[in-house]
Structure formats: C-alpha cells, structure tokens
Amino acid sequence: AALAAQQTRSQLIGQVLISQGATDERTIHRALALQARLPFVDLEGKTPPSRLTELLNAGSAWELEAIPVAEKNGTTIVAVSDPEKAVVVDTLGFLLDGPVSLAICPPASLRAALERVYGPPDVGAEDVDDADRGDQEEAPVVRLVNRMFEEAVGMRASDIHIEPFSNGVQVR
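Residues numbered from 1 in each chain as written. Predicted model: local features only at pLDDT ≥ 70, side-chain atom pairs only at ≥ 80, totals over all residues. Heavy atoms only, no water.

A. Seen up close, the nonpolar core. One finds Leu 43, Ile 67, Leu 92 and Tyr 118 to be the most contacted residues of the largest nonpolar core, which totals 26 residues. Among the elements of the structure, α5 (58-64), β1 (66-72), β2 (75-80), α6 (88-96), β3 (100-104) and α7 (107-118) are those that each provide at least two residues to this core. Sequence-distant contacts of Tyr 118, that is, excluding residues within four places in its chain, are made with Thr 53, Leu 56, Asn 57, Ala 58, Ala 61, Trp 62, Ile 67 and Pro 68. (Core = buried A, V, L, I, M, F, W, Y, C linked by side-chain atoms within 4.5 Å. Buried < 20%, exposed > 50% of the residue type's maximum accessible area, 1.4 Å probe, protein only. Helix = DSSP H or I, 4+ residues; strand = E, 2+ residues; numbered from the N terminus. Contact = heavy atoms within 4.5 Å.)

B. Structural context of α7. Its 12 residues give α7 an end-to-end C-alpha distance of 16 Å, which sits within 8% of 16 Å, the value for a rise of 1.5 Å per residue. Of the positions making up α7, those classed as buried are Pro 107, Ser 109, Leu 110, Ala 113, Leu 114 and Tyr 118. Around the axis of α7, the buried residues are gathered within 165° of arc, so they sit on the same side. For α7, the secondary structure elements touched by its buried residues are α3 (25-36), α4 (50-53), α5, β1 and β2. Of the residues trailing α7, Gly 119 is marked for its positive phi of about 85°. (Expected span 1.5 Å × (residues − 1). Arc of directions from axis to C-beta.)

C. Region of the structure containing the sheet that holds β3. Pairing is mixed in the open sheet, where 3 strands are placed in the order β1-β2-β3. Two strands lie at the open edges of the sheet, namely β1 and β3, each paired on one side alone. Neighbouring strand axes in the sheet, compared pairwise and without regard to direction, differ in orientation by 35° on average. In this sheet, β3 lies alongside β2 in parallel orientation, the contact comprising 5 bridges. Bridged to Thr 76 within β3 is Val 100. (Pairing = 2+ DSSP bridges. Axes fitted to C-alpha atoms, helices over the stretch in contact; angles between N-to-C directions.)

D. Expanded view of the environment of Glu 54. When you line up the elements, Glu 54 lands in the loop between α4 and α5. Linking Glu 54 and Val 117, residues 63 residues apart in sequence, is a C-alpha distance of 9.1 Å.

As structure tokens, then:
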C-alpha cells in the first residue's frame, strides 16, 4: 500500500510510511543513517555543547539545516536530517575551519535543537547585511565563494589558495 501511495504522491517512501502511521520519523531516520553508513543522533530534548554550536552562526546553521553536536579526534560531527546533504560537508568544513563528518537526526528534533541554540530562523535576519540578503537566492556554491572572498578581504589576504584533495579541499 505504501509503495502504491508513493507512486501517486511522488513522495519518499519514508514520508509515506510516516503519513500512513506505519512508523515514526525517528525510526525512518535511524534506517536512513544505517543505509548511508552514518551515525544516528536524536537531539530530542538535548542541547549540543555551546563550545561547538558557537562555531557556526545562526544564519548558516538554519540555511544548511545543520548543527554541530560532538567532536571526535579533531573532527566536528554535525547533525543533519537528510543523508543527501553530504554536499554540505565541504561548506561546513570551510565554515568550521576543520574536518567535518555528518550524523543523521530526525528533522523535528533537529529543528527543535536549532531553535533552542540559535533561536527561530528569522532571528538571525537582522544580523544579515544587504549583500547577504541578495545571496540567499543564489546557489550554495556561489554563497560559499562569496563568503570565502569576504573572509579573505576581512583578513586583508593578498591571495586565496584552494587545494583539492581526494577527501575534500583546503582553503588557505
């Protein structure tokens, strides 16, 4: 029944199973974590350590729908709700200035944790200047490059070096 409903609604099978009451969001995301070979973290009623959450500003956290939750062997573990968000690893690595790995978290508990730590999504809007407001409509890679330039200008850098590696990139 769920597969037939999925084809007519063009929804992910997990969403259909949740809407039919066959399972819950936590179970689906635990299965997605196993499938993606990523750790599972449930932030229900929990707040990540402030020493980690302070590394990422509210605007970026809400935009990327990600929150730093732990640190292990020098790598920051960041919770996201969608395993397809693996493309944000490079962006997070740049913003957090170090290696990042992902963990899967149910969307409702992720949003609740983001609100506990950073406030509602609109709160960070007054911190965004006019140049950043225009960037919100642009592709993530454009925003990443713009941030890279802004940071370089702020540091009065004369040049930017981007070094590609098999497991990521290094910007210096």
